[in-house]
Amino acid sequence: MKLKKIIMLIIILSLILPLSLISCKKEEKPEAKEPIKIGAVIPLSGGAFAQAGQEQRYGLLMAEREINEKGGILGRRLELIIEDDQCKSETGIAAATKLITQDKVVALIGGYSSTITFAQMNAIASYEPIVVWMGASSVKVEHEFGPKKWFFHLHPWDYHRQKTVVDFLESINPKPKTIALTYEDGIYGTTSAEYFRKYAQGKFEIVFDEPHKSGSSDFTSLLTKAKAKNPDIFYSVSYAGDYLIQIKQAKEIGFKPKGFVIVAPLFPGYKDSLGKDGDYVVGVNPWAPTLKIEGLSDWLERFHKWFPEKQEIEYWVPLAYANLMCVADAINRAGSLDKNKIIEALEKTDLMTPFGRLTFKPSDEGGLHQAFTDLVMVQWQNLEPVVVFPKNLAGGNYIYPIP
Amino acid sequence: MNNFIQTIINGLLTSGVYLIVTIGLTLVLGIMRIVNFAHGEFVMIGAYITYWCFTLLKMNPYLSLIFNIIILFIIGIIIYKIGISKILDAPSLDQVLLTFGFSILFQNLALIFWTANAYGISMKTEIIKIGNIQVGRDRVIVFTIGFLITIILSLILSKTKFGKTLNAISQNRNAAYLVGINVPYYYMLSFGIASALAGLAGGLVGIVMYTSPYIGVKLGLRAFAILVLAGLGNINMAIIASIILGLLESFISVYVPQGPGWAEGLSFFLILIILTIKPSGIKGLRSE
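The rules behind these values
- Residues numbered from 1 in each chain as written.
- Chains lettered and ligands numbered in written order.
- Predicted model: local features only at pLDDT ≥ 70, side-chain atom pairs only at ≥ 80, totals over all residues.
- Helix = DSSP H or I, 4+ residues; strand = E, 2+ residues; numbered from the N terminus.
- Buried ≥ 20, exposed ≤ 12 C-beta atoms within 10 Å, placed from the backbone.
- Contact = placed C-beta atoms within 7 Å.
- Axes fitted to C-alpha atoms, helices over the stretch in contact; angles between N-to-C directions.
- Parallel < 35°, antiparallel > 145°, perpendicular 65-115°, else oblique.
- Left-handed = near helix turned anticlockwise from the far one by under 90°.
- Nonpolar A, V, L, I, M, F, W, Y, C, P; charged D, E, K, R; others polar.
- Pairing = 2+ DSSP bridges.
- Core = buried A, V, L, I, M, F, W, Y, C linked by C-beta atoms within 7 Å.
- Domains from an automatic or database assignment.

**Examining the overall build of chain A**
Move 1: Along its length, chain A carries 13 helices and 14 strands.
Move 2: Expressed as lengths along the three principal axes of its C-alpha atoms, the size of chain A is roughly 110 × 40 × 35 Å.
Move 3: A buried classification covers 55% of the 403 residues belonging to chain A.
Move 4: Counting only contacts in chain A whose residues sit at least 6 apart along the sequence, the fraction spanning at least 24 positions is 70%.

What follows is the structure, given as structure tokens:
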């Protein structure tokens, strides 16, 4: 009787156990295959920033495809959730909060506008998520969120940019004496102007110093006023569309400074929109496709295979690629999704990216984790961008004064 | 002195751009009593047509204005048929929401089809020089076209049978119905013409500025300021109002410290002041 019971028990167990194992496996399987989610908030519509956001999207998509092609992260598929901040702070906050609280993303990446970033980080600071941010160059963001253990930043800060411009101007022979400065009146333009004044003090005379509204239909009055001061250098801190009008209208009113300096001169459409009028304009940029960066030419080739329709690329593409790649790399090295382990891994990042070598170091004004700090000056010469500063990276000489 | 004259000329030339953008908006408001918030987006579409005609077909941008007028006229008729005609008697809020909806729709369609990049027409910058004063040839052409079109439109409205019919509808729609005027037909034509004018304006804006999905937003704001300043729907006064705005912006930019920033806010300021102090516009011709 007892034996009968034991046999029955064995039979039942032998039936149940494999079933339970199968069911366990079934439960484990989707868990094991569940993708690792990373959330990105970038501007894709709603205003002028969308131009940069769409560039960022290309870089993010390429990184996502390449990561998944190579087996994903920790053997799991990477799911990149891209949200559009619509160039508005309130939408940016909602998108970031949704990614953290509903999608439960492992890390938050992306970013463009300093103003929107400031609002977003304020709103999500209580969650202390892992943020690896490619956008926002205003030091206001650095001062407030740079010291946070969970905040990592890729883009050079305002002062890196302005220091490069001043160093470049000092390197010109003969050295320019007078400068006309104009800047868009948002947080980006005003902070840039503050740093420019600080670094230029005692080195140059700023004979014209006025803000302007980005998106204006007419800059002739501003340019007329600047022209009256007869500056050696005209320096404008603004956005792509504004530069198109400023460069054209300067020609129209006969304003011909010896040097015309802008920020980020390699935006798509520059060459086609301005043609020869755009020649000799020089600008500060954190990247150029002609830079000698290890693996850059391979990366560009791969990019054009992924996206054959996209010929001109702005620096946001490789920066966005580096943004997602460095998070994936850190999670792989951390070996788990534990927040502290990922932060530790991020701090030890040493990754070669198409944007340059990526490591995180403390920044000059209190940030704990700053990746890129170097910038170059690029001049349009015969409708081609040429790196002209610093000398060790230059592909040609700066043509000055403008012929 | 040179600076002073250059400032006046800059202001006048800018007023030409503002006027051509405003004129279609004024026509729709004057005849149909509808504020078309999608007007700026019609301008944007016109700018893209000129850009693509120039880039893909290597067409002279001024020649492409003919295509702008035809295409935008057709788009205007379609929008009227599928949307505007349905809300003619609806409360103002419905009209605002509908035209605002079209505005968002066109912005996003432009974003999908043509990305958010800013594109300009890379024509050689031709300069007209008189003494020490110099201006861009294209801006002079835009100014001339803007003022000529406005004067022609004003003459059509006051001297022709077609214009008088539109005026009659504008003054009393029900009376126009009673005397046998086909009001919906004239409404449709007015909306089509206003859209065609926006297309023309867009082409000219594309030549002297650039184009992007959001180019219509800021220009639209200037157009509303001129509309309010002129007295809603008053085409003749729109000329004076656009000159006032253009010159004021130019002088503030040059002669007020930090002027360029202040000049941009002028449109908002004018709307606020006029609506508070003299809602009928500078000549008091606004009709209710």
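**Here we look at the environment of glutamate 66 of chain A**
Move 1: Position of glutamate 66 of chain A relative to the elements: it lies in helix H2 (residues 50-69).
Move 2: For the pair glutamate 66 of chain A and alanine 40 of chain A, spaced 26 residues apart in sequence, the C-alpha separation works out to 17 Å.

**Regarding the packing of helix H2 (residues 39-57) of chain B against helix H9 (residues 215-230) of chain B**
Residue and element names in this part refer to chain B.
Move 1: Running from amino to carboxyl end, H2 crosses H9 at an angle of 130°, the nearest separation of the two axes being 8 Å. In terms of axis orientation, H2 runs oblique to H9. Classified by chirality, the crossing of H9 by H2 is right-handed. Touching His39, Gly40, Glu41, Val43, Met44 and Ala47 of H2 are Ile215, Gly216, Val217, Leu219, Gly220 and Ala223, all from H9.
Move 2: Of the residues belonging to the contact of H2 with H9, the class tally is seven nonpolar, four polar and one charged.

**What about the sheet that holds strand S9 (residues 259-263) of chain A?**
All names here are of chain A.
Move 1: Strand order across the open sheet formed by seven strands is S7-S6-S8-S9-S10-S13-S14, with mixed pairing between neighbours. The sheet is open, and its two borders are formed by strand S7 (205-212) and strand S14 (384-389), each paired with just one other strand. Here the average twist between neighbouring strands, direction ignored, is 25°.
Move 2: Pairing analysis gives five bridges linking strand S6 (residues 178-184) to strand S8 (residues 233-237), with the strands arranged parallel. Bridged to tyrosine 183 within S8 is valine 237.

**Description of the nonpolar core**
Move 1: With 201 residues, the main nonpolar core has Ile38, Val132, Leu324 and Val327 of chain A together with Val205 and Ile226 of chain B as its most contacted residues.
Move 2: Domain assignment of the residues forming this core places at least three in each of domain 1 (35-156 + 292-358) and domain 2 (159-285 + 376-393) of chain A.

**Some details on the domain arrangement of chain A**
Residue and element names in this part refer to chain A.
Move 1: The assigned domain composition of chain A is domain 1 (35-156 + 292-358) and domain 2 (159-285 + 376-393).
Move 2: Each partner contributes to the interface: domain 1 provides 12 residues, whereas domain 2 provides 16 residues.
Move 3: Among the elements of the structure, helix H4 (114-124) and helix H5 (139-145) are those that each provide at least two residues to the side of domain 1 that touches domain 2.
Move 4: Considered class by class, the residues forming the side of domain 1 that touches domain 2 number four nonpolar, five polar and three charged.

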